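The residues making up each chain are set out below.
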Amino acid sequence: MKKIIAILLVAASLTASIFAASKKSAKIGVSMPTKDLQRWNQDGSNMKNQLKKAGYRVDLQFANNDIATQVSQIENMITGNCEVLVVASIDGSALKNALDAAKKKGIKVIAYDRLIMNSDAVSYYATFDNYKVGTLQGDFLVEKLNLKNRTSKDPAYIELFTGSPDDNNINFFFGGAMDVLTPYINSKVLVVRSGQTSKAQCATLNWSTEEAQKRMENLITSNGYGPKGKKLDAVYSSNDSCAMGITNALVAAGYTADNFPIVTGQDCDIVSVKNMIKGTQAMSIFKDTRTLATKVVEMVDALVKGTNPPINDTKTYDNGTGIIPSYLCDPVFATIDNYKELLIKSGYYKETQLK
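Conventions we followed
- Residues numbered from 1 in each chain as written.
- Predicted model: local features only at pLDDT ≥ 70, side-chain atom pairs only at ≥ 80, totals over all residues.
- Heavy atoms only, no water.
- Helix = DSSP H or I, 4+ residues; strand = E, 2+ residues; numbered from the N terminus.
- Rg over C-alpha atoms; globule rule 2.2 N^0.38 Å.
- Buried < 20%, exposed > 50% of the residue type's maximum accessible area, 1.4 Å probe, protein only.
- Contact = heavy atoms within 4.5 Å.
- Areas by Shrake-Rupley, 256 points an atom, 1.4 Å probe, with all protein chains shown as cover.
- Polar contact = N/O pair within 3.5 Å; in protein donor to acceptor, adjacent residues only side chain to side chain.
- Core = buried A, V, L, I, M, F, W, Y, C linked by side-chain atoms within 4.5 Å.
- Pairing = 2+ DSSP bridges.
- Axes fitted to C-alpha atoms, helices over the stretch in contact; angles between N-to-C directions.
- Parallel < 35°, antiparallel > 145°, perpendicular 65-115°, else oblique.
- Left-handed = near helix turned anticlockwise from the far one by under 90°.

(A) Representation of the overall build of the protein in the model. For the protein, the helix and strand inventory stands at 12 helices and 12 strands. For 355 residues, the compact-globule estimate of 2.2 N^0.38 gives 20 Å, and the protein sits close to it at 23 Å. Across its three principal axes, the protein shows a C-alpha extent of roughly 90 × 40 × 30 Å. Per-residue burial for the protein yields a buried fraction of 53% across its 355 residues. Considering only contacts within the protein whose residues lie at least 6 apart along the sequence, 71% involve residues at least 24 apart. Carbon and sulfur atoms make up 51% of the accessible area of the protein, which totals about 15900 Å².

(B) Inspection of the side chain of Thr 135 at higher detail. Residue position: Thr 135 is located in helix α5 (residues 130–144). Classification of Thr 135 by relative accessible area gives buried; the value is 15%. From its side chain, Thr 135 meets the backbone oxygen of Lys 132 in a polar contact 3.0 Å long. With near-sequence residues (within four places) excluded, Thr 135 lies in contact with Gly 176, Ala 177 and Val 180.

(C) Summary view of the nonpolar core. One finds Ile 158, Leu 160, Leu 190, Met 216 and Leu 250 to be the most contacted residues of the largest nonpolar core, which totals 45 residues. Of all the secondary-structure elements, those providing two or more residues to this core are α5, β6 (156–161), α6 (170–186), α8 (209–223), β8 (234–237), α9 (240–252) and β9 (262–263). In terms of residue count, the dominant contributor to this core is α6 (9 residues). Leaving out residues up to four positions away in the same chain, Ile 158 has contacts with Leu 141, Leu 181, Leu 190, Val 191, Val 192, Arg 193, Tyr 225, Leu 232, Ala 234, Val 235 and Tyr 236. The next biggest cluster of nonpolar side chains, apart from the first, holds 29 residues, and it includes Val 30, Val 84, Val 297 and Leu 303.

(D) Seen up close, the sheet that holds β6. Ordered by their spatial adjacency, 4 strands build an open sheet running β7-β6-β8-β9, and the pairing between neighbours is parallel. Because the sheet does not close on itself, it has two edges, and the strands there are β7 (190–191) and β9. Running over the sheet, α5 touches β6, β8 and β9 and is turned about 170 degrees from β8. Of the strands in this sheet, β6, β7 and β8 are in contact with α6, which crosses β6 at around 155 degrees.

(E) Quick look at the packing of helix α2 (residues 38–53) against helix α11 (residues 289–305). At their nearest, the axes of α2 and α11 sit 9 Å apart, and the two run at 45 degrees to each other. It follows from the interaxial angle that α2 and α11 lie oblique. The crossing of α2 and α11 is right-handed. Within the contact between the two elements, α2 uses Arg 39, Gln 42, Asp 43, Asn 46, Met 47, Gln 50 and Leu 51 and α11 uses Thr 289, Arg 290, Ala 293, Thr 294, Val 296, Val 297 and Val 300.

(F) Looking closely at the sheet that holds strand β3 (residues 84–87). Taken together, the 6 strands give an open sheet; going across it, the order is β2-β1-β3-β4-β5-β11, and neighbouring strands pair in parallel fashion. The outermost strands of the open sheet, each flanked by one partner alone, are β2 (57–62) and β11 (326–329). Shown here is a sheet whose adjacent strand axes are inclined to one another by a mean of 15 degrees, direction ignored. With 4 bridges connecting them, strand β1 (residues 27–32) and β3 associate as parallel partners. Within the sheet, the bridge partner assigned to Val 30 lies in β3 and is Val 86. Contacts between α2 and the sheet are confined to β1, β2, β3 and β4 (108–112), with β2 contributing the most and set at about 170 degrees to the helix.

Note that every value here comes from positions in space, so none of it alone points to a role or purpose.
Structure representation (structure tokens):
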């Protein structure tokens, strides 16, 4: 009996050793859109650090917001024998051919934060609850503008911005916010002077700060907004890179912290947190990318082991080939009142970074 137990223990030890060795030799490809935006730089760094800590080799690439570059980098990851690909796409509909090659080689693909469209090579999706992001932003505006207690005789005035039309997430960010705000727009308690309320009218190509600034400058000029001009109570912005452009335009138009319109955002980028402290941005959705990176590492681990990754949503995200099993992390929002607890005490930022 002792001999049998000893043999079983040796076998178990060998199995564990073989798995540990295969795990350490596994290479994971991580494709991020760009280094130019803080959040993607931070996401890539978090992902690489946690995967390396878990024992994997990591091929991390940033594509400089160029689709052809991202396609080429992914193709190199495939020929470089990565076992799993984690991809935050620049254009969610531009990667089908590259990922078809991954599927042929049996490489699993996890779409990271942005859903990859029209590709049956996508195995899983990891993101935050993007619809909730939008509803949190919308609810914040409802509260701060006191919309529930206003009438059409005393409306609040707003303009609307969302992100890049090739990013599937804007359907959820903008959709969630508009589900909250549209009843107030329809009842004329909330007024969009420009009349620009559709997703296409409010989109900002590449989530560009410069494009958002240009559009906000045009809205200010064409609608006569200003501290001494027509009233502007708020600007809905789906994220911080757009919010920065909006803020730049509003500051140039003469607004100060004392009369600044309520501006929303997302990602808690350092510049936007500084603007919150200065009083030129009201809030930003905090999506702790460390949490998302941890969940993706768990998903990668499961795929390498041949087991099922953790998921908590099997209904929401259809990429055109069917529902993609997803894990949705929970977003929260940061304001001047709670940013220290959320961002500094949690170790996400050092206080010196926000000076």
